[in-house]
Amino acid sequence: MKILTGNDLKTGDVTWWDGQGWSRHVNDAVDVGEKADEIAAREEASRNVVGAYAIDAATDENGVRPAHIKERIRALGPTVRPDLTLKPADPEAGNWVI
Amino acid sequence: MYKYDNYDQQMVDARVEEFRDQTRRRLSGELSEEKFRPLRLMNGLYLQLHAYMLRVAVPYGTLSGAQMKVLGDIADKYDRGYGHFTTRQNIQYNWIKLEEAPDLLADLAKVEMHAIQTSGNCIRNISSDHFAGAAADELVDPRPYAELLRQWSSFHPEFSYLPRKFKIAVIASDTDRAAMRLHDIGIQIVKNEAGEIGAAFYVGGGMGRTPMVAPCINEFVPIDQLVTYSEACLRVYNRHGRRDNKYKARIKILVHEMGKDEYTRQVEEEFAHLLTQGIEPPLAELERIKPYFADPAFKAGLSDEIDRTDPDFALWVDRNTVAHKAPGYVSAVISLKPVGGIPGDASADQIRLMGELATDYSFDECRVTHTQNIVLPHVEKARLKDLFDVLDANGLSSPNLDTIEDIIACPGLDYCTLANARSIPVAQKISERFSGNGKTAELGELKLKISGCINACGHHHAGHIGILGVDRKGVENYQLLLGGSEAEDTSLGKITGPGFDEDGIVDAVEKAADVYIANREDGERFLDTYRRIGMDPFKEAIYG
Ligand code: HEM
Ligand code: SF4
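Residues numbered from 1 in each chain as written. Chains lettered and ligands numbered in written order. Predicted model: local features only at pLDDT ≥ 70, side-chain atom pairs only at ≥ 80, totals over all residues. Heavy atoms only, no water.

J.: Provide a residue-level description of the overall build of chain A, including the pertinent values.
T.: Looking only at helices and strands, one finds two helices and five strands in chain A. Its C-alpha atoms give chain A principal-axis dimensions of roughly 40 × 30 × 20 Å. Burial analysis of chain A (98 residues in total) assigns 51% to the buried set. Sequence separation of at least 24 residues holds for 50% of the intrachain contacts in chain A that already meet a minimum separation of 6. Charge separation in chain A, taken as the distance between the mean sites of 12 positive and 17 negative side-chain charges, equals 4 Å. (Helix = DSSP H or I, 4+ residues; strand = E, 2+ residues; numbered from the N terminus. Buried < 20%, exposed > 50% of the residue type's maximum accessible area, 1.4 Å probe, protein only. Contact = heavy atoms within 4.5 Å. Lys, Arg positive; Asp, Glu negative; His and termini not counted. Charge placed at Lys NZ, Arg CZ, Asp CG, Glu CD.)

If you want it as structure tokens, here you go:
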């Protein structure tokens, strides 16, 4: 599937299009199909996001999984600082990206 | 330390207010991202993998204790409690909010700091020897010359849109601690036979995808023509540099394609013309700058004795302190490379503490090294043990300077949008491996440098051992290089062969280290042995 990601304009946080708005959690991302450019243009114009782009992803038992490692690291946070990732309690969180 | 005059302060303050207005207009929608992006980049604000990233300029790597403390406060107030010291002698913050960036810059400006010209195709922050003003082997302190060039290059209208970024390093000793010949312009302050001070110009070095060692194009430019000659070098580049192709736009490509001789001829021609224009600042300006870098009030008659009864302290003294020009003093290097840690990262508390230690132990001065460590340049030997105890209690006493644990690593795929692979986890595994197997001491000086992509921010070409992260069909892969150096014997490393996965590269490094141990002759470092025996024995051990 195709999902849409970008950064929050004000804070720079990594965000994912959840169908209605922008979520910090990749698991909230929805398939945008052919609509990526349209949504990205609209959302950038209304300053909800900066630098939006579509990526390939799949769903598995853990939820949404971006196809490329770079996007998985964006989704999680720096693998060398588990305390700053989306799963700060899990020191092994970084393994998810591999 | 250089102190801003009114012009400096006004320029920096004005820039903060300008950026505040630009940010306001971006957030209110008056400016599109397309228009705003170059403006924020001119103020060092990038959009990276997880957030905005701010790169703060630290001219020639020198900071006062108060400046360092503010860098720590900023890490707490605007970031997530830490900062990353870089190979450009700067600091980067990884989690900056756009809406807070103008306030951050205002806080920096209060202590005479900024993020101007830390991005874009302009003359970037000028780097220098991190032992400047302290080193026993320096001819003069290189920083007044670096400062003069900083003033010349700040907001230089002609050089604000060069074909590509431009990096200058200034040193003043035969020992090169600043990778001088791997810069766009490397300058060594020298003395001629008549005893006059001048500058040797090395032009067209660099790393990145096409690494080049800069050739010397002029062995002696009189010191009162330093700015004019620099201007001539830049003008020829600005005129002929390749603007059509980003990958061929650096001056190293121009010097290479045009040929050193033709480039030099054009520089000399431009130089002759510029001499008639009288653009050189009066020598009085250099003389005005110099006292800011005068020796602090070193005490006389200090003892050179160090009490070495504590073995941990003795090891740290051997590894992490460097000879000083004044009797009774040393330069102490605080390693930001704890075993298994993140090279160059320091917590807000650690940064503040290092600022306090600079004030208390080192005449209010510290330095950022291009190897991502912090130097306290002037420490009394008699007070070293006290200093060590404080460092030790705060996780800052790793005794591993210039060893295989003292790894340079760029942020890599954990933070950087351009990365192919992660650098930091590889550095962590290597330092853990060698600290665990006890070979660090035996290996002695061994400089290992890791970049997460071909841009070479981690200087992998210049490592005795270099590691380059590549993307192999979406999987991280690491190439091994051997034989690089960024010291006075600058050389570029060569790739051993096919790459490895993360564990494989750690094994390969250990095998290379073992080849050295098995083959070395008396007094040889890893690099010397490699140069003597060549690549083959290493290849055999690694792939055989
Ligand atoms: C994280 C954001 C960063 C980005 C986007 C970035 C981008 C780049 C790029 C594109 C180049 C290649 C330039 C060329 O060859 O024309 C480069 C080179 C370089 N960067 Fe970075 N870099 C980043 C971080 C760093 C850091 C953290 C350091 C210091 C540790 C650093 C220091 C350098 C150095 C030393 C070079 C090679 C020297 C040269 O310019 O030839 N950069 N960087
Ligand atoms: S070398 Fe590549 S991965 Fe590393 S910081 Fe530079 S651009 Fe990023």
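Picking up where we left off.
J.: Which residues make up helix 12 (residues 384-393) of chain B, and what values do they have?
T.: Residues and elements named next belong to chain B. For helix 12, the set of buried residues is Leu384, Leu387, Phe388 and Leu391. On an axial view of helix 12, the arc spanned by its buried residues comes to 100 degrees, and they lie on one face. Here the buried face of helix 12 lies against helix 10 (311-320), strand 11 (321-323), strand 12 (329-334), helix 11 (348-361) and strand 15 (374-380). Taken from the residues just after helix 12, Gly395 is the one with a positive phi, measuring 70 degrees. (Arc of directions from axis to C-beta.)

J.: Just give me the short version of the pairing of strand 17 (residues 448-451) of chain B, but keep the residues and values in it.
T.: All names here are of chain B. Burial along strand 17 is two-sided: Leu448 and Ile450 facing one way and Lys449 and Ser451 facing the other are all buried. Both strand 17 and strand 18 (residues 465-472) contribute to a ladder of four bridges, which runs parallel. Among the inter-strand pairings, Ile450 is bridged to a residue of strand 18, identified as Ile467. (Pairing = 2+ DSSP bridges.)

J.: With reference to specific residues and values, describe the site of ligand 1.
T.: All names here are of chain B. Near ligand 1 you find 21 residues, and of these Thr87, Lys167, Met207, Arg250 and Cys457 are the closest. The separation between an oxygen atom of ligand 1 and a polar side-chain atom of Arg164 is 3.4 Å. Met207 is positioned such that a nitrogen or oxygen atom in its backbone is 3.0 Å from an oxygen atom of ligand 1. (Near = heavy atom within 4 Å. Polar contact = N/O pair within 3.5 Å; in protein donor to acceptor, adjacent residues only side chain to side chain.)

J.: Account for empty space enclosed by the protein, with residues named and values stated.
T.: Empty pockets left among the atoms are what a rolling probe the size of a water molecule brings to light. Residue and element names in this part refer to chain B. The final tally for this structure, using the stated rule, is seven cavities of 30 Å³ or more. Lining the largest cavity are 17 residues, with His114, Ile116, Gln117, Arg150 and Ser154 sitting closest to its centre. Elements that contribute at least two residues to the lining of the largest cavity include exactly helix 1 (6-27) and helix 5 (143-153). Looking at which element gives the most residues to the lining of the largest cavity, the answer is helix 1, with three residues. A class-by-class count of the residues in the lining of the largest cavity yields nine nonpolar, five polar and three charged. Shared between two domains, the lining of the largest cavity takes at least three residues from each, and those domains are domain 1 (6-110) and domain 2 (127-291). Approximately 160 Å³ is the volume attributed to the second largest cavity. Along the walls of the second largest cavity sit 14 residues, with Met1, Pro59, Thr62, Gln67 and Glu112 positioned nearest its centre. Those elements that provide at least two residues to the lining of the second largest cavity are strand 3 (62-64) and helix 5. (1 Å grid on protein atoms, 1.4 Å probe; cavity = no way out; pocket = protein on both sides within 12 Å on 5 of 7 lines; lining within 4 Å. Points joined across faces, edges and corners; volume = space filled by probe spheres on them. Nonpolar A, V, L, I, M, F, W, Y, C, P; charged D, E, K, R; others polar. Domains from an automatic or database assignment.)

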